[in-house]
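So you can see what is in the structure, the chains are spelled out below.
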Amino acid sequence: MENLILILSKPDNLPIAMMVVLLGYYTLLWWRQARKNDGIISDGRYSELQDENNDRIFVWPYLVRIEFLAAILVLLILTVWSVALDAPLEHPANPSKTPNPSKAPWYFLGLQEMLVYFDPWIAGVIFPTLIIVGLMAIPYIDKNPKGNGYYTWMERKFALSTFLFGFFVLWVALIFVGTFLRGPGWNFFAPWEAWDPHKVVAMVNVDLHQYFGIRSSVVAFLFGGFIVTAYFCLGIVYYYWKKNTDFIKTMGAARFGVMAFLFLCMMGLPIKMLLRWAFNIKYVWVTPWFNI
Amino acid sequence: MQAFIEKMKDSATKSQVWKSMFRHSYEDTPRNRYLQVLDNVWLHLHPTRIPRHAGAIRFTWCMGGITWLLFLVTAVTGVLLMFYYRPTAEYAFNDMKYLEFDVPFGMFLRNMHRWAAHGMVITVWLHMFRVFLTGSYKPPREFNWVVGVILLTVTLLLSFTGYLLPWDQLSIWAVTVGTNMARATPLLGHEGPFGPELGMRPDNDVRFVLLGGTQVGPPTLLRFYVLHCIFLPIFLSIFCAVHFWRIRKDGGISGPL
Ligand code: HEM
């Protein structure tokens, strides 16, 4: 418990608490407006969402005044925050004294947490790249014309749930775990546990092929390669299975391919997490050059 | 008395100097409401009128604007900090202490800069969240979403490069952990897949380029300082200009079609 309080009281971690509160608030705000709009839409009164008679307001004063008040409020909060809480400054930099645990800035702890499940070239390089590229690709993948410019749930269930899952579970929750539940040696510590730097965790992890009694590294290579390829082929299978649906037809093969690839990469993380927790699996595919 | 004040006011507002600065009167007329926005360099990024829903806080959450405000705060406080801070291993940490104990309001300045930066990370995520929830990335705003993702990346990089500058244990180890990833870059890192096969060593791979050495050291401090104070803020400003301009060109804030 002391640890938790210690971490919580670190001034750099206050933003995480603020973020969680704000996210909760705004998610509720979204949900309430979305349900209201959904009700209006399913009653066939879509036009009620639009401003009546294309109603327009003057920016001066009606928008400028909001901006002005918002700016004052934000600056006020920032001032109080800066008076109340000092930015951290620890001992002078010392390259020969590594703190344990060493943590990245809080907003990157989700990435650092991924290192538990994937090697650095995936967790530290490929995934960040895919996150950026994947986010940029969203507008070109999502062909659903509905839900443009208003809050809704009903009309965009798949897009919204994928985004919410990625953002809340795979990003924010991992930041939370990385900040509050990871101690020395990046070992897992429950909030009430003391951080014991000598905690020994048995290395019981095995590779997937060992589960199947495969000994030869060549066979293991082929086996792992097969599993990973098969996983990504799920996209192709789905494509042919649903070929005649409107969803696939409006998307087209190329667009669907990109989406399926990104989606499967994203789901690779929770899958690997489950494999680790449930079966102590370290790698699915072992090669002389890289492991997945 | 009354007459005197009126006269003074008249002679002031009718003078050439005044008229050269303020091109219209302040009377509350529709025409002046337009001009108030159009004639003002700071406000002219706005349209003169907007759809009713676009001015609702519960629609935009003001998050894009707040992100921009926080960026301005970091820019102003950052310039002030630059007066006192020297990006070398000998001085950096001492300058932090100097700010804390000797510079009037030095600690407040540092706090403000740091909390505004952390706040900006939060608000930029919330802004993206809202844009996603309102589906505002859909045509015709696809490209502005892409510009937004660039802004998001740059915001995080700004925060990360700034994290190193205090040159204390917290900062060098956080940056060490972060930049260690670069060793594992496929092809370009000495521990990445196919890196060694391509001749990557600790002293010539992509991490070396980033750090200016094989570990986080004085050259890294200088590199991150230059990125943090010059390159990235300019980069962010340019893309913000594109972002704001695109909002107008894409037909203003999104709304039910
Ligand atoms: C430094 C970061 C950023 C700044 C200063 C900024 C600023 C703004 C501002 C002031 C607006 C006007 C509406 C509002 O306040 O919501 C806006 C709209 C928008 N932003 Fe950003 N933004 C940033 C980052 C992003 C990011 C990360 C994304 C998405 C990935 C994004 C995508 C958009 C889009 C698509 C719109 C149009 C929304 C609409 O029409 O409803 N922006 N931005």
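Residues numbered from 1 in each chain as written. Chains lettered and ligands numbered in written order. Predicted model: local features only at pLDDT ≥ 70, side-chain atom pairs only at ≥ 80, totals over all residues. Heavy atoms only, no water.

**Q** When you look at the packing of helix α2 (residues 14-42) of chain A against helix α7 (residues 106-133) of chain B in this model, what are you seeing that I'm missing?
**A** In a pair of packed helices, the angle between the axes and the distance between the axes together describe the arrangement. The contact between α2 of chain A and α7 of chain B brings their axes to 11 Å, and the two run at 20°. For the element pair α2 of chain A / α7 of chain B, the angle class is roughly parallel. Every pair of crossing elements has a handedness; the one defined by α2 of chain A and α7 of chain B is right-handed. Taken together, the residues of α7 of chain B that come into contact with α2 of chain A (itself represented by Pro 15, Met 18, Met 19, Leu 22, Leu 23, Tyr 26, Thr 27 and Trp 30 of chain A) are His 118, Ile 122, Trp 125, Leu 126, Phe 129 and Leu 133 of chain B. Counted by class, the contact of α2 of chain A with α7 of chain B contains 12 nonpolar, 2 polar and no charged residues. (Axes fitted to C-alpha atoms, helices over the stretch in contact; angles between N-to-C directions. Helix = DSSP H or I, 4+ residues; strand = E, 2+ residues; numbered from the N terminus. Parallel < 35°, antiparallel > 145°, perpendicular 65-115°, else oblique. Left-handed = near helix turned anticlockwise from the far one by under 90°. Contact = heavy atoms within 4.5 Å. Nonpolar A, V, L, I, M, F, W, Y, C, P; charged D, E, K, R; others polar.)

**Q** Looking at this model, I keep getting lost on the site of the ligand. Mind explaining?
**A** All names here are of chain B. Not every one of the 25 residues close to the ligand is listed here, only the nearest: His 127, Arg 130, Gly 148, His 243 and Ser 254. A distance of 3.5 Å separates an oxygen atom of the ligand from a polar backbone atom of Gly 65. Contact distances for the ligand include 3.1 Å between an oxygen atom and a side-chain N or O atom of Arg 141. Elements with a minimum of two residues in the shell around the ligand: α5 (63-82), α7, α8 (142-164) and α11 (218-249). Here the residues of the shell around the ligand sort into 12 nonpolar, 11 polar and 2 charged. (Near = heavy atom within 4 Å. Polar contact = N/O pair within 3.5 Å; in protein donor to acceptor, adjacent residues only side chain to side chain.)

**Q** Help me understand the side chain of Thr 67 of chain B in this model?
**A** Residues and elements named next belong to chain B. Assignment of secondary structure puts Thr 67 in helix α5. A residue is classified by how much of its surface remains accessible, and Thr 67, at 9% relative accessible area, is buried. Excluding anything up to four places from it in sequence, Thr 67 contacts Met 120, Thr 123, Val 124 and His 127. (Buried < 20%, exposed > 50% of the residue type's maximum accessible area, 1.4 Å probe, protein only.)

**Q** Looking at this model, I keep getting lost on the nonpolar core. Mind explaining?
**A** Note that soluble globular proteins tend to have their nonpolar side chains buried in a common cluster. Counting residues in hydrophobic clusters, the biggest one holds 96 residues, and the most contacted among them are Trp 106 and Tyr 107 of chain A together with Trp 125 and Trp 145 of chain B. When residues of this core are assigned to their parent elements, the largest contribution, 13 residues, is made by helix α6 (residues 157-181) of chain A. (Core = buried A, V, L, I, M, F, W, Y, C linked by side-chain atoms within 4.5 Å.)

**Q** Please clarify how the environment of Ile 40 of chain A should be interpreted in this entry.
**A** Residues and elements named next belong to chain A. With respect to the secondary-structure elements, Ile 40 resides in helix α2. Note: C-alpha distance between Ile 40 and Leu 63 (23 residues apart in sequence) is 27 Å. Those residues in contact with Ile 40, other than ones at most four positions away along the chain, are Arg 45, Tyr 46, Glu 48 and Leu 49.

**Q** Can you walk me through the interface of chain B and chain A in this structure?
**A** By a widespread convention, an interface's size corresponds to the accessible area lost as its parts come together. With 88 residues of chain B at the contact, the number on the chain A side is 91 residues. Of the roughly 8,400 Å² buried at the junction of chain B and chain A (both faces included), carbon and sulfur atoms supply 72%. Our count for the chain B to chain A interface comes out at 3 salt bridges. Arg 114 of chain B is the salt-bridge partner of Asp 12 of chain A, the closest N and O atoms lying 2.8 Å from each other. Seen at the junction of chain B and chain A, the total is 36 residue pairs in polar contact (both at pLDDT 80 or more). Residue contributions to the side of chain B that touches chain A peak at 18 residues, all from α7 of chain B. (Buried area = accessible area lost by both parts, 1.4 Å probe. Salt bridge = Lys/Arg side-chain N within 4 Å of Asp/Glu carboxyl O.)

**Q** What should I look at first to understand the environment of Leu 63 of chain A in this one?
**A** Looking at the secondary structure, you find Leu 63 of chain A in helix α3 (residues 59-84). Apart from residues no more than four positions distant in its own chain, Leu 63 of chain A is found in contact with Phe 58 of chain A together with His 46, Ile 50 and Gly 55 of chain B.

**Q** I tried to follow the coordination of the iron atom of the ligand on my own but got confused; where do I start?
**A** Metal coordination angles in their ideal form are 109.5 degrees for the four-donor tetrahedron and 90 or 180 degrees for the six-donor octahedron. Residue and element names in this part refer to chain B. Around the iron atom of the ligand, the protein contributes the donor atoms His 127 (NE2) and His 243 (NE2), which lie 2.0 to 2.1 Å from the metal centre. For the iron atom of the ligand, the 6 donor atoms in the first shell make angles of 86 to 179° at the metal, a pattern classed as octahedral. With a gap of 116 residues between them, His 127 in helix α7 and His 243 in helix α11 connect regions that are remote in the sequence. (Donors = N, O, S within 2.8 Å, 3.2 Å for Na, K, Ca; no water. Tetrahedral: all angles 85-135°; square planar, octahedral: opposite > 155°, others 65-115°.)

**Q** Please clarify how the environment of Trp 277 of chain A should be interpreted in this entry.
**A** All names here are of chain A. One can find Trp 277 in helix α10 (residues 253-279). Look at Trp 277 and you get exposed, because its relative accessible area is 55%. Remark: the alpha-carbon pair of Trp 277 and Asn 205, spanning 72 residues in sequence, is separated by 9.9 Å. Engagement of the side chain of Trp 277 in a polar contact is seen with the side chain of Tyr 117, the distance being 3.3 Å.

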